[in-house]
Amino acid sequence: MTVSPGLAVEVGDIDRQLGLLWEQSDAGKVRASLVNLVIYSEAPDAMAANTPLLSEIAADHAFRALLVQAQPEAKKSDVRAWITAHCHLRETGKKEICSEQITFQLDGPAAGRLPSIVFSHLDTDLPLYLWWQGDLHPDPDPQLWRWVDRLIVDSNSWSDPAAQFRILREIQSLGRTRSALADLNWTRLFHLRYAVAQIFDLPAALERLDRIDRVEIVHAPGHRLTALQLLGWLASRLGWSLDRDDHAPVFRRPDGGTVTFQLNVNQDAKACVASIDIGLGDATASVRRKTSGEYYLGMFTAPHQAPFTQMLPAERNKTSDILLSELSRISRHPLFWPAIRAIEPLLSQP
Amino acid sequence: MPETASDNPLRYNLVNRPVPDPCIIVIFGATGDLTRRKLIPALYNLAADGNLPSSLAVVCFARREKTSESFREELGEAARKYSRRPLNDELWTRFAANIFYHRSSFDQMEGYTALGNELNAIDQRLGTRGNRLYYLASSPTEFDIILENLSASGLSQAKPGAWSRLIVEKPFGTDLPSAHRLNDAVAAAFPERDTFRIDHYLGKETAQNIMVLRFANTVFEALWNRRYVDNVQITASEPLGVESRAGYYENSGALRDMVQNHLLQLLCLTAMEPPIDLGADAVRNEKVKVMQALRPLTGAAVAENVVRAQYTEGFINGHEVPGYRHEPGVAPESMVETYVALRLHIDNWRWAGVPFFMRVGKRLPKSGTEIAIQFRGTPPVLFNRESKLQDPNVLVIRIQPDEGISFRMAAKMPGAMLQLEPVKMDFHYGTSFGKATPEAYERLLLDAMSGDATLFARRDEVEHAWTFIDHIRQAWQDDSAPRLDFYPAGSWGPRQADELLAPDHAVWRRL
């Protein structure tokens, strides 16, 4: 299926063409925007992959999107642009809500002019969210990063997570104090972390929290880093430190006890993390993704205690849903870096 | 050793609100419409969003002969119909498994003793930790006996380390003496800090947004006073007639049904000073100060400042509708008001001299609740030299439907002529935030479970409101009181309501 990025326009004529687009649209449409969402990708199918995704997001979160597909290796320097709008009727009888998308193809040396392209086409006063797809470039350009309000990455797509996290730290040090970081891989874990936390609201589970001795996480192929971040969250919240026991990595609890862990791949897993089982001596806590997909089932069993179960919402697997969840968030992720630090030595292991 | 959800280190930074404790909700009068249409769908949606505590049970206390199984089925059908999100069968089954029907008459002490035993057994089985949230959803005439029996049976007493709270549905009395009696009955059973009086208007997102608009934005609060505001108009209009509520409405009327609670609450949020923090008492203290500064309307002042009217036959959306006196269940000579318009004054430093106009009515052309802040006009110089017809700036907060905020200002029409036209900057919740707005009851139930009373009315707020309303009602009973006016269904109310604004050179907004 071909996905059109819209009407081809001259780069210097984008504002005028956008104005014409709205003048010619019918009265039943209204332009809206809450954020400037810039997507940068060097994937050859970036336009085709991201245009439908932006259309889905526009149904829930109005934006001005700047989709930049770059080919830095191209020999000829070239800049091309297209404009389009994604309109959705949210309520019968109301106007359609439209979000603008400006698409750029940057080839060769022109790919290095990203800040110039971005800053010329932002919606004034609205925050700038930059979703950098794929590997980050070393030696980040302060001219760009200083103005980004929220940098969005997906660590699951990185070729070398250890090196990429180092670049990410460097970028963060360039940002203004208001800039925030969002790793979609961390966002993916929100509902799962919530479900795990909910189990430990039970007094019988909470009193055993400092006695965790085993963690087993089952994840889908290609989601080891997601599982590691979940493990890192537990470790950082509970004060565990990484150690080795008989040459195998383990965590040490603050009381000196040992927490063993296993990350297992399930080829058939429908979700990035299918389950987590937590051993607490004589008790077990677990969260499993229901086969129906929309919910987790949290469980807790302990001696002399009726088994506890509770269904809790699960994140959807679609990238648009994960991104929407991040776009609706205004807060930062203060637990992200502590979680990464807790599992950093494990990043480079296969 | 940690014992409560707030001690759970895994909870940190997951949600930006207090986590509700495990508890049992006991609904008195559970076979009524409120449970079916609002409470159970709200609780189900909280479950679907993962916002319920780890353990929650609902005990439905009512007189009719039913079993837990049959009642769950009834509630399932209702939830399927009224829930804002589609029902997930498995989630519903798990949620409904913890709904229990307790059959008893409200006046039988044995029923409360048995209830206590049942609640203790549920605590043991589900880990609800002795926390109780009693919800009075019955007819107000039953409140006294329920409260008396809750107290006599010891159920209103919190167990050690647990809490016991009460939610009261409006109306909180029918006048000041009855409100006093009800509040005394409540106070005999529950301390004020554990009493949650629901006014669902306060659970609406836009009502909550009034404080955000005022106190999280520099620009508005600077203008929010007598120097810049000409008048404030609060409107609640609906095209519906009395529908099936004639029995209630004949004893209530628009003044007691809407003004005493919803509209005075909106007035307080609009006029209050900034609270010292966002805690329940700080916010409610400021609202009470507005009520204290509200100039009482007594005797002749009522005739000058209040218009009451009743709808006659007319047309709504092109359909002929009967007059109020021809509605089923309404007395043919009924003198009950279906429309009230008031001119109010708040005698404090901020608002002295600024009229607050309020109107509420049934069978008006359009449904809408809004607060309009009308600013003073510009001086008669420059663009305003020749004509004073230029529309003043108006900031409108739309509470429902189409929740949002708009601001009207003047702009030059393009062209060689100097002609000014009003233009509107408009913010729609639905346009900017695509995600579905939770129902007011979801927020309010969650707050009550978490012990946050900010969005609930306090005893003194309710009693101040009744004092104000009672003065008007007393004046209406006087022989010299102005007669009841009439307006055709589908109009914007009686002519007398327009005249009410004339001395202030103001006109009602057309919604």
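Each chain carries its own residue numbering, running from 1 in the written order of its sequence. As a convention, the first chain written is A and the first ligand written is 1, with the rest following in written order. Where local features are concerned, this predicted model is filtered to residues with pLDDT of at least 70; where side-chain atom pairs are given and counted, the filter is 80 or more; whole-chain, interface and lining totals use all residues. Water and hydrogen atoms were dropped before computing side-chain values, which therefore reflect all heavy atoms in the structure.

Q: A description of the sheet that holds strand β3 (residues 99-103) of chain B should follow, citing residues and the corresponding values.
A: All names here are of chain B. Pairs of strands are assigned from DSSP output, requiring at least two bridges between the strands. Note on conventions: DSSP H or I runs of at least 4 residues are helices, E runs of at least 2 residues are strands, and numbering of each starts at the N terminus. The strand order β3-β2-β1-β4-β5-β6 describes an open sheet built from six strands, whose pairing is parallel. Here the strands that pair on one side only, and so sit at the sheet edges, are β3 and β6 (195-198). Sheet twist, expressed as the average angle between the axes of neighbouring strands with direction ignored, equals 20°. Pairing analysis gives four bridges linking strand β5 (residues 164-169) to β6, with the strands arranged parallel. Its bridge partner being in β6, Glu169 is matched across the sheet by Ile198. To obtain an axis, a line is fitted to C-alpha atoms, over the contacting stretch when the element is a helix, and the angle between two such axes runs from 0 to 180 degrees between their N-to-C directions.

Q: Give me the lowdown on a negative patch on the surface, citing residues and values where you can.
A: All names here are of chain A. Surface patches are defined over residues having more than 30% relative accessible area and no salt bridge, joining like charges when they lie within 9 Å and nonpolar side chains (Val, Leu, Ile, Met, Phe, Trp, Tyr) when within 5 Å. Note on areas: Shrake-Rupley, 1.4 Å probe, and residue coverage restricted to the protein chains presented here. Every case where a carboxyl oxygen of Asp or Glu lies within 4 Å of a side-chain nitrogen of Lys or Arg is listed as a salt bridge. A residue counts as positive if it is Lys or Arg and as negative if it is Asp or Glu; His and the chain ends are not included. For this purpose, a charge sits on NZ of Lys, CZ of Arg, CG of Asp or CD of Glu. Side chains of Glu42, Glu73, Asp135 and Asp160 sit close together on the surface and give a patch of like negative charge. Position of Glu73 relative to the elements: it lies in the loop between β4 (64-71) and β5 (78-89). Of the residues examined, Glu73 reaches a relative accessible area of 74% and is grouped as exposed. When accessible area is computed with a 1.4 Å probe and restricted to protein chains, residues below 20% of their type maximum are described as buried, those above 50% as exposed, and intermediate ones as partly exposed.

Q: Could you give an account of the side chain of A:Gln105, naming the residues involved and the relevant values?
A: Residue and element names in this part refer to chain A. With respect to the element layout, Gln105 can be found in strand β6 (residues 96-107). Residue classification places Gln105 among the buried positions, given a relative accessible area of 5%. For this analysis, a polar contact is any N or O atom pair within 3.5 Å, provided that within protein one partner can donate a hydrogen and the other can accept it, and provided that sequence-adjacent residues contribute only side-chain to side-chain pairs. Only 2.7 Å separates the side chain of Gln105 from the side chain of Asp107, close enough to count as a polar contact. Aside from chain neighbours lying at most four places away, what touches Gln105 is Met47, Gln69, Gln71, Asp78, Val79, Arg80 and Trp82. Only heavy atoms enter the contact rule, under which two residues are in contact if any of them lie within 4.5 Å.

Q: Give me the lowdown on a nonpolar patch on the surface, citing residues and values where you can.
A: Residues and elements named next belong to chain B. A cluster of nonpolar residues, Val381, Leu382, Phe383 and Leu418, forms a patch on the protein surface that exposes about 460 Å² of accessible area. Secondary-structure assignment places Leu382 in the loop between β13 (368-375) and β14 (394-400). Given the relative accessible area of 68%, Leu382 is considered exposed.

Q: Go over helix α13 (residues 440-450) of chain B, please, and point to the residues and values.
A: Residues and elements named next belong to chain B. The buried fraction of α13 is high, at ten of eleven residues. For α13, every residue scored as buried is listed here: Ala440, Tyr441, Glu442, Leu444, Leu445, Leu446, Asp447, Ala448, Met449 and Ser450. Of the surrounding secondary structure, the elements contacted by the buried residues of α13 are β1 (23-28), α1 (33-48), β2 (56-62), β4 (132-136), β5 and β6. Looking at the residues trailing α13, positive phi occurs at Gly451, about 80°.

Q: Please provide a residue-by-residue account of the environment of A:Ser155, values included.
A: Residue and element names in this part refer to chain A. By the element assignment, Ser155 lies in the loop between β8 (150-153) and α5 (161-174). Given a relative accessible area of 1%, Ser155 falls into the buried group. Separated by 36 residues in the primary sequence, Ser155 and Phe119 place their C-alpha atoms 26 Å from one another. Not counting residues up to four positions away in its chain, the partners in contact with Ser155 are Phe165, Asp183, Asn185, Leu225 and Gln229. At 2.6 Å, the side chain of Ser155 and the side chain of Asp183 are in polar contact. Here the side chain of Ser155 touches Gln229 through a polar contact of 3.2 Å, side chain to side chain.

Q: Account for the packing of α1(B) against α13(B), with residues named and values stated.
A: Residues and elements named next belong to chain B. Across the interface, α1 lies against α13 with an axial gap of 9 Å and an inter-helix angle of 70°. With respect to their mutual orientation, α1 and α13 come out roughly perpendicular. The hand of the α1/α13 crossing is right-handed. When α1 is examined against α13, the residues Leu34, Lys38, Leu39, Ala42, Leu43, Asn45 and Leu46 are found in contact with a partner set consisting of Tyr441, Glu442, Leu445, Leu446 and Met449. Oblique is the label for any angle not covered by the other classes, which are roughly parallel (under 35 degrees), roughly antiparallel (over 145) and roughly perpendicular (65 to 115). Each crossing is labelled by how the near helix is turned from the far one, with a counterclockwise turn of less than a right angle marking it left-handed and a clockwise turn marking it right-handed.

Q: Go over the interface of chain A and chain B with me, naming the residues and quoting the values.
A: On the chain B side, the residues contacting the 38 residues of chain A number 39 residues. Carbon and sulfur atoms supply 56% of the area buried between chain A and chain B, which totals about 3100 Å² over both sides. On inspection of chain A and its partner chain B, the count reaches two salt bridges. When the shortest N-O distance is used, the salt bridge between A:Lys290 and B:Glu90 registers 2.6 Å. The tally of links between chain A and chain B comes to twelve residue pairs in polar contact (both at pLDDT 80 or more). Those elements that provide at least two residues to the side of chain A that touches chain B are α7 (190-199), α8 (203-206), α9 (224-238), β16 (295-301) and β17 (308-313) of chain A. We call Asp, Glu, Lys and Arg charged. Ala, Val, Leu, Ile, Met, Phe, Trp, Tyr, Cys and Pro are nonpolar, and the rest, Gly among them, are polar. Here the side of chain A that touches chain B is built from residues that sort into 25 nonpolar, three polar and ten charged. Two parts lose some accessible area (1.4 Å probe) when they are put together, and adding that loss for both gives the buried area.

Q: Can you explain helix α9 (residues 246-271) of chain B? Please cite residues and give values.
A: The quantity called bend is, for any residue, the angle between two axes fitted respectively to the seven residues ending at it and the seven beginning at it. Its axis deflected by about 95° at B:Gly253, α9(B) carries its strongest bend there. Buried residues dominate α9(B), accounting for 22 of its 26 residues.

Q: Lay out unusual backbone geometry in plain terms, naming residues and giving numbers.
A: Residue and element names in this part refer to chain B. Residue Pro171 is reached from Lys170 by a cis peptide bond, and omega for that bond is 5°. Looking at the element boundaries, Pro171 is found in the loop between β5 and α6 (176-189). Of the consecutive residues Gln400 and Pro401, the connecting peptide bond is found in the cis state with omega at -20°. Phi angles above zero are rare outside glycine, and Arg129 is one such case at about 60°. Positionally, Arg129 belongs in the loop between α4 (109-126) and β4. Positive phi values are uncommon outside glycine, yet Arg363 reaches one of about 55°. Inspection of the secondary structure assignment puts Arg363 in the loop between β12 (355-362) and β13. A residue is classified by how much of its surface remains accessible, and Arg363, at 10% relative accessible area, is buried.

Q: Now, about the confidence of the model for chain B: what can you tell me, with residues and values included?
A: Known as pLDDT, the predictor's per-residue confidence is scaled from 0 to 100. Chain-level statistics for chain B give a pLDDT mean of 90 and a share of 96% at 70 or above. We note a pTM of 0.85 for the whole complex and an ipTM of 0.88 for its interfaces.

Q: How would you explain the pattern of salt bridges if you had to name every residue and give the values?
A: If you walk through the whole model with that rule in mind, you get 56 salt bridges over all chains. A salt bridge links A:Arg80 to A:Asp107; the nearest nitrogen and oxygen atoms lie 3.7 Å apart. One end of the pair, A:Arg80, is in strand β5; the other, A:Asp107, is in strand β6, with 27 residues separating them in the sequence. Measuring nitrogen to oxygen at the nearest pair gives 2.8 Å for the salt bridge that ties B:Arg350 to B:Glu273.

Q: Residues and numbers for the packing of aromatic side chains, please.
A: Classification of ring pairs uses Phe, Tyr and Trp, with its six-membered ring standing for Trp, and accepts pairs whose centres are within 6.5 Å; under 30 degrees between planes counts as stacked, over 60 as edge-to-face, and the remaining range as tilted. For the structure on display, the rule yields 29 aromatic pairs over all chains. The interplanar angle of 45° and the centroid separation of 5.6 Å between the aromatic rings of A:Trp132 and A:Trp145 together place this pair among those described as tilted. Residue A:Trp132 is found in strand β7 (residues 128-132), and its partner A:Trp145 is found in helix α4 (residues 142-145); the two are separated by 13 residues along the sequence. Residues A:Trp132 and A:Trp145 agree in their burial class; the two are buried. Clustering of aromatic rings is evident, with ring pairs tying together B:Phe28, B:Phe61, B:Phe106, B:Tyr112, B:Tyr134 and B:Phe190. As a reminder, the over-ring test applies to NZ of lysine and CZ of arginine, requiring each to be within 6 Å of the ring centre and within 35 degrees of the ring normal. Here A:Arg289 stacks its cationic end above the ring of A:Tyr296, 5.4 Å away from the centre of that ring. Positioned above the aromatic ring of A:Tyr194, the side-chain terminus of B:Arg11 is 5.1 Å from the ring centre.

Q: Can you explain the state of the cysteines? Please cite residues and give values.
A: Residues and elements named next belong to chain B. Throughout, a disulfide means two cysteine sulfur atoms within 2.5 Å of one another. Inspection of the entire model under this criterion finds one disulfide over all chains. Just so you know, Cys23 is unpaired, no disulfide at all, and the nearest cysteine sulfur is the one on Cys60, 13 Å from it. Take Cys23: its relative accessible area is 0%, and that puts it in the buried class.

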